[in-house]
Amino acid sequence: MAHDLLIKNGRVVDGSGMPAFRGDVGVKNGKIAELGKLSGPAKRTIDAEDRVVSPGFVDNHCHFDAQVTWDPLCSFSPQHGATTVVFGNCSLGLAPIRPGTAKRVAEFLSYVEAIPMEVLNTVDVEWESIAQYMNRLEGRLGVNVGNFIGHSTVRYYVMGDESQKRTATGDEIKAMQDVVRDGMKAGALGFSVSRNKGHYDPQGVHIPALWADEDEIFAIADVLRELGTGIIQCGGGRAPELKDGLMARLSEATGRTVIYNNLGQTMRDPDAWKKHMARLEETSKAGIRAFPLCSPNRTTQTFTMKNCQIFRGTPTWHPILLASDDEKMRAYSDPAVRRKLHEEVVEHKGTKLPAAGYSLKWWDYMWVEEPKLPKNKGLKGKTIGQLAKDQGKGIIDTFLDLVVEEELTTVFMQSEINVDTEAMKQILTHPNAIVGLSDGGAHVQFHGGYGYCTRLLSEWVREKQIMSLEHAVRRLTFDSASALGLYDRGLLRPGLNADVVIFDPDTVRPLPESIVHDFPANGWRVKEPAEGIKATIVNGEVLLEDGKYTGALPGKVARNTYYHANND
């Protein structure tokens, strides 16, 4: 057979979890054509040189809804081997949008996912419906993209400002059902909701999805049961699942897979992961498809007090975070304000944990990453708790004395999620959790997250050896693809999409983060590159080779089974 692309001399890890084998992969017309010891002509041949040849990774939880309109690669996900990215998570998205309301819809995405409004304001909204948005993306993509229909976006589309004031009427629920039905028929991968009480708009009001009662959520999700397609995604699903089984009940009622955030270890509630695992054992034995995501990343975020999310939602601190820099400086210098902050975030009076972005003893998991004044260079690497002890002061005074002295420019780092290695070994190998949650495109000035694939392969497989390479590749490919209803990818099998990544298992890893100014409106973000990725191939075309973009646009909009059954 004559191939369009022939990958020779690879260590083929096909995504099934079966043992690797030495062989070649032939590609024709954007599909996998053959595997084995292949010969014959090819338009292009790549010598894998004993590197791993695997299915492209499926980045299953992203927020590239806006970024995809100017960045067809959805960088930096494909740099780490992702060939398909999925956005529209956590009830947020950019469709449907009524004319004249684009800025308001963008505000929900901006504040929850920490994407600057000056960047989002550059997006030329040329669509109204979900179908129009998806069609706008088609033909302008480097990677494959799939999208969920966001509950907050739909609710605002139907109810306007009332969406953040009350429950919906029967007629409004029916209108939302109609919008979701049209979007699912256009090929959306599912419907996303949010139960995360930390999700606010820039004015400090909960996003529309959080105003919905269970009846509304179940009624809209029933559209997926009716059509027999799609999945339900939930941001902040862990707490309601542990409380009263909401995720499992949604799956049972609709017959659809539910994926939610997340199974993880956090210092906010150190033993919660054990309770969550016990719950997963119950639901899996009952045959319920309600699966949490889990991340190989030890979540860190870099911030200054000019731009901080950690304390949002607390009564006194939240409005200060939204204020101007001058107002922040006045507030942080005010002893009365400091007393209130101490009561709320040190003594935890009037605040509810773990809904806020910090643990009970957050000062032990937050440290000075980059002091600005020469005289403070010795503070680098010290936690706020250490500094308070050294200086003989309270936590808030220690923290805010430095903040005020350096005029909000001190760079801090926080890390209190997935820091327990023994817990992480159990979490990442749990059969009913799905590895992912890069959050690509979100929190762009705080952390990357794109490198979860290369981190799983480096830290957890090569270094800690908690699972085999074949198992890890399956976790990054087939497991996500099948859970998302993407049955045309995730395996190297003849007839499936030729989404392929070639990587060196001995060197693959995420590289240190840096700052890059490459967003519209002179915006900046955190860059996280990778090492050890030889090539990222999308639908049979080389998208990235040795980290360099080829200029190809082979990506397609990934659509659900209903769409393919009625349109192919």
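Residues numbered from 1 in each chain as written. Predicted model: local features only at pLDDT ≥ 70, side-chain atom pairs only at ≥ 80, totals over all residues. Heavy atoms only, no water.

A. Up close: the pattern of salt bridges. Under the counting rule described, the total for this entry stands at 43 salt bridges. Across the salt bridge formed by R155 and E216, the nearest N and O atoms sit 2.8 Å from each other. On the criterion of sequence distance, the pair formed by R155 in helix α4 (residues 151-159) and E216 in helix α6 (residues 214-227) is long-range, its members being 61 residues apart. The burial state of R155 is the same as that of E216; both residues are buried. One salt bridge in this structure joins E172 and R166, with 2.8 Å as the shortest N-O distance. For E172, a relative accessible area of 15% translates into the label buried. (Salt bridge = Lys/Arg side-chain N within 4 Å of Asp/Glu carboxyl O. Helix = DSSP H or I, 4+ residues; strand = E, 2+ residues; numbered from the N terminus. Buried < 20%, exposed > 50% of the residue type's maximum accessible area, 1.4 Å probe, protein only.)

B. Up close: the packing of aromatic side chains. For the coordinates displayed, the defined rule picks out 15 aromatic pairs. Between F57 and F503 the ring centres are 6.1 Å apart and the planes differ by 55 degrees, which places this aromatic pair in the tilted class. Of this pair, F57 sits in strand β6 (residues 57-59) while F503 is found in strand β17 (residues 500-503), placing the two residues 446 residues apart along the sequence. For the pair shown, F57 and F503 are each scored as buried. Ring geometry for W362 and F399: centres 5.9 Å apart, planes at 65 degrees, overall edge-to-face. Taken together, the positions of W362 in the loop between α12 (335-345) and β14 (366-370) and F399 in helix α14 (residues 395-405) put the pair 37 residues apart, joining distant regions of the chain. (Phe/Tyr/Trp six-rings, centres within 6.5 Å; stacked < 30°, edge-to-face > 60°.)

C. Representation of the sheet that holds strand β12 (residues 290-294) within the structure. Taken together, the 8 strands give an open sheet; going across it, the order is β6-β7-β8-β9-β10-β11-β12-β16, and neighbouring strands pair in parallel fashion. Each edge of the sheet is formed by a strand with only one pairing partner; in this case those strands are β6 and β16 (434-435). Pairing between strand β8 (residues 144-150) and strand β9 (residues 190-194): 3 bridges, direction parallel. Paired with F148 across the two strands is G190, which belongs to β9. Where helix α16 (residues 452-463) meets the sheet, it contacts β6 and β16, and its direction lies at approximately 130 degrees from that of β6. (Pairing = 2+ DSSP bridges. Contact = heavy atoms within 4.5 Å. Axes fitted to C-alpha atoms, helices over the stretch in contact; angles between N-to-C directions.)

D. Quick look at the pairing of strand β23 (residues 541-545). Two elements, strand β22 (residues 533-538) and β23, share 4 bridges in a ladder whose sense is antiparallel. Residue pairing in the sheet places I537 in a bridge with V542 of β23. Hairpin connection of β22 to β23: 2 residues between the antiparallel strands, including N539 at a positive phi of 50 degrees. Where β23 lies against strand β24 (residues 548-549), 2 bridges are found, and the strand directions are antiparallel.

E. Quick look at the sheet that holds β14. Reading across from one edge, β13-β15-β14 is the order of the 3 strands in this open sheet, with antiparallel pairing throughout. The sheet terminates laterally at β13 (301-303) and β14, the two strands that pair on one side only. Recorded for the sheet is a direction-independent mean angle of 30 degrees between the axes of neighbouring strands.

F. Here's a closer look at the packing of α16 against helix α17 (residues 469-476). Orientation of α16 relative to α17, taken along the N-to-C sense of each, is 160 degrees, at an axis distance of 11 Å. Put simply, α16 runs roughly antiparallel to α17. Every pair of crossing elements has a handedness; the one defined by α16 and α17 is right-handed. Across the interface between the two elements, Y452, C453, L456, L457 and V461 from α16 touch L469, A472, R475 and L476 from α17. Partitioned by chemical class, the residues of the contact of α16 with α17 number 8 nonpolar, no polar and 1 charged. (Parallel < 35°, antiparallel > 145°, perpendicular 65-115°, else oblique. Left-handed = near helix turned anticlockwise from the far one by under 90°. Nonpolar A, V, L, I, M, F, W, Y, C, P; charged D, E, K, R; others polar.)

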